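One letter stands for each residue in the lines below.
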Amino acid sequence: MQVGDGDCGLGVQAPVASGVVLPHPAPNVSLACKGDVGNVRRKKILAAVTNQATYGASKHPTGLWLGELVHFYDKAVKNGHTVDVVSPAGGEVPLDPRSLGRLFADRTVRNYRADPAFMTSLKSTASVADADPDDYSTIFFTGGHGTMWDFPDSADLRGTAEAIYGGGGIGSSVCHGACALINLRDADRNPLVRNRTVTGFATVEERLAGVKGRVPFLLEDELRAKGAKYVRSTVPMTPHSVRDGRLITGQNPVSTKAVSDLVLAALAEAE
């Protein structure tokens, strides 16, 4: 993209990414104007993770699905973006033990688990309340069943997300991260997901995971109740992502890479 003397316009390219892409405006970036070409401040990406370690008050462990953070983080960083990781309460981020098993912990997950600095950072995350929304072009909600307890009703998470999105930024999620979208409002104070095409962990997938009876609500039902046009893959537990304007969502853990590609493509359109 080129910015001419006194020009603050955004050049928009056709989207090139995996997943479903619907019509969209350009995301928010901070541009230098009036001849200050080349001094473009690339805003950061805010990744939100859960602090909830169990299924409610039970002893059954859950937490962050690690691959949903590191696959997004890895792609974003390799594309030159800075990613800040925050949680609703700040402090330690529990890891869902199932996400660490051989079936789900691929080479990328194993590499990050072997990185002492990265793993130490997950023991002392900043609170989302300490994040300045103006510093970020994108908010990305990671999943893991823990998010069902601490994402929907977090006033700080909601306020930060609404400020980023309301300022022209990108709202994105994968799997149960879409729990954060349920109570978000647009500029007219309507549900953000109303009449928007979104996805998230499907009811059939809760059943296949054997935890349908443990969750406080069914994400698919809640999104539809807010007026969303919920979509899912024909085959459960397969990659599925969708972009509706500046709202980008993925269905399940194996959709993280596709969501990442859609987010990065959206950001590239504004550069």
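Before reading further, recall that the structure is shown in the block above.
J.: Can you help me understand the overall build of the protein chain in this one?
T.: A count of helical and extended segments in the protein chain gives eight helices and ten strands. Going through the 271 residues of the protein chain one by one, you find that 53% of them count as buried. Taking as baseline every contact in the protein chain between residues at least 6 positions apart, the subset at least 24 positions apart corresponds to 78%.

J.: Where do I start with the pairing of strand β10 (residues 247-250) in this structure?
T.: The alternating pattern of β10 places Leu-247 and Thr-249 on one face and Ile-248 and Gly-250 on the opposite face, and all of these are buried. Where strand β9 (residues 241-244) lies against β10, four bridges are found, and the strand directions are antiparallel. Bridging across to β10, Ser-241 finds its partner in Gly-250. Where β9 folds back onto β10 in an antiparallel hairpin, the turn is made up of two residues, including Gly-245, whose phi is positive at roughly 65°.

J.: Sorry, what's going on with the pattern of salt bridges here?
T.: Where charged atoms of side chains with opposite charge meet at close range, the side chains can pair. Under the counting rule described, the total for this entry stands at ten salt bridges. A salt bridge links Asp-96 to Arg-98, with the shortest nitrogen-to-oxygen separation between them at 3.4 Å. Exposure remark for Arg-98: the relative accessible area of 32% places this residue in the partly exposed category. A salt bridge links Glu-162 to Arg-189, with the shortest nitrogen-to-oxygen separation between them at 3.6 Å. Within this pair, whereas Glu-162 is found in helix α5 (residues 155-166), its partner Arg-189 is found in the loop between β6 (170-174) and β7 (197-198), the two being separated by 27 residues in sequence. Residue classification places Arg-189 among the partly exposed residues on the basis of a relative accessible area of 48%.

J.: Looking at this model, I keep getting lost on the nonpolar core. Mind explaining?
T.: Generally speaking, nonpolar side chains in soluble globular proteins are found buried as a group. Formed by 64 residues in total, the largest nonpolar core has its most connected members in Leu-46, Leu-69, Phe-118, Leu-122, Phe-141, Leu-219 and Leu-223. Here this core gets six residues from one element, more than from any other, and that element is helix α1 (residues 66-78). Ignoring anything within four residues of it in the chain, the contact list for Leu-46 reads Asp-84, Val-86, Val-128, Ala-131, Tyr-136, Thr-138, Ile-139, Phe-140, Thr-160 and Ile-164.

J.: In this structure, what is going on with the side chain of Asp-150? I would like to understand it.
T.: By the element assignment, Asp-150 lies in helix α4 (residues 147-150). Within the buried core, Asp-150 has no salt-bridge partner, and the shortest N-O distance to an opposite charge, that of Arg-158, equals 12 Å. Polar side-chain contacts of Asp-150 include one of 3.5 Å to the backbone nitrogen of Gln-52. Apart from the residues lying within four places of it in its own chain, the contact partners of Asp-150 are Thr-50, Asn-51, Gln-52 and Pro-88.

J.: Can you walk me through unusual backbone geometry in this structure?
T.: Glycine aside, residues mostly have negative phi, and peptide bonds are mostly found in the trans state. The phi dihedral of Arg-189 is positive, around 65°, even though this residue is not glycine. Even without a glycine there, the phi angle at Asn-195 is positive, about 60°. Mapped onto the secondary structure, Asn-195 falls in the loop between β6 and β7.

J.: Looking at this model, I keep getting lost on α5. Mind explaining?
T.: In an α-helix, one turn spans 3.6 residues; hence positions three or four apart end up facing the same way. Over its twelve residues, α5 runs 16 Å from end to end, which matches the ideal 16 Å to within 8%, given 1.5 Å per residue. Where α5 is concerned, the buried positions are Leu-157, Thr-160, Ala-161, Glu-162, Ile-164 and Tyr-165. Elements in contact with the buried residues of α5: β2 (44-48), β5 (136-141), β6 and β10. Positive backbone phi, approximately 100°, marks Gly-168, located one or two places after α5.

J.: Can you help me understand the environment of Asn-183 in this one?
T.: On the secondary structure map, Asn-183 appears in the loop between β6 and β7. Each C-alpha atom, one on Asn-183 and one on Asp-153, is 7.5 Å from the other, the two residues being 30 residues apart in sequence. Leaving out residues up to four positions away in the same chain, Asn-183 has contacts with Pro-152, Asp-153, Arg-158, Glu-162 and Lys-226. Within polar-contact distance, the side chain of Asn-183 engages the backbone oxygen of Pro-152 at 2.9 Å.

J.: Looking at this model, I keep getting lost on the side chain of Gln-251. Mind explaining?
T.: Assignment of secondary structure puts Gln-251 in the loop between β10 and α8 (256-269). Here the side chain of Gln-251 touches Ser-233 through a polar contact of 2.7 Å, landing on its backbone nitrogen. Not counting the four nearest positions on each side in its chain, Gln-251 is found in contact with Cys-175, Thr-199, Gly-200, Phe-201, Ala-202, Glu-205, Tyr-230, Arg-232, Ser-233 and His-240.

J.: Help me understand α8 in this model?
T.: Compared with an ideal rise of 1.5 Å per residue, which puts 14 residues at 20 Å, α8 spans 20 Å between its outermost C-alpha atoms and is within 8% of the ideal. Most of α8 is tucked away, with eleven of its 14 residues classed as buried. Here α8 has its buried residues at Thr-256, Ala-258, Val-259, Ser-260, Leu-262, Val-263, Leu-264, Ala-265, Ala-266, Leu-267 and Glu-269.

J.: Explain the packing of α1 against α8 to me, please; I cannot follow it from the model alone.
T.: In helix packing, the relevant descriptors are the interaxial angle and the interaxial distance, both defined with respect to the helix axes. At a closest axis distance of 9 Å, the pairing of α1 and α8 adopts a crossing angle of 35°. Viewed along their axes, α1 and α8 form a crossing whose handedness is right-handed. From α1, Gly-67, Glu-68, His-71, Phe-72, Lys-75 and Ala-76 reach across to α8, where they touch Thr-256, Lys-257, Ser-260, Asp-261, Val-263 and Leu-264. Across the contact of α1 with α8, the residue classes tally to four nonpolar, four polar and four charged.

Criteria and thresholds
Residues numbered from 1 in each chain as written. Predicted model: local features only at pLDDT ≥ 70, side-chain atom pairs only at ≥ 80, totals over all residues. Heavy atoms only, no water. Helix = DSSP H or I, 4+ residues; strand = E, 2+ residues; numbered from the N terminus. Buried < 20%, exposed > 50% of the residue type's maximum accessible area, 1.4 Å probe, protein only. Contact = heavy atoms within 4.5 Å. Pairing = 2+ DSSP bridges. Salt bridge = Lys/Arg side-chain N within 4 Å of Asp/Glu carboxyl O. Core = buried A, V, L, I, M, F, W, Y, C linked by side-chain atoms within 4.5 Å. Lys, Arg positive; Asp, Glu negative; His and termini not counted. Polar contact = N/O pair within 3.5 Å; in protein donor to acceptor, adjacent residues only side chain to side chain. Expected span 1.5 Å × (residues − 1). Axes fitted to C-alpha atoms, helices over the stretch in contact; angles between N-to-C directions. Left-handed = near helix turned anticlockwise from the far one by under 90°. Nonpolar A, V, L, I, M, F, W, Y, C, P; charged D, E, K, R; others polar.

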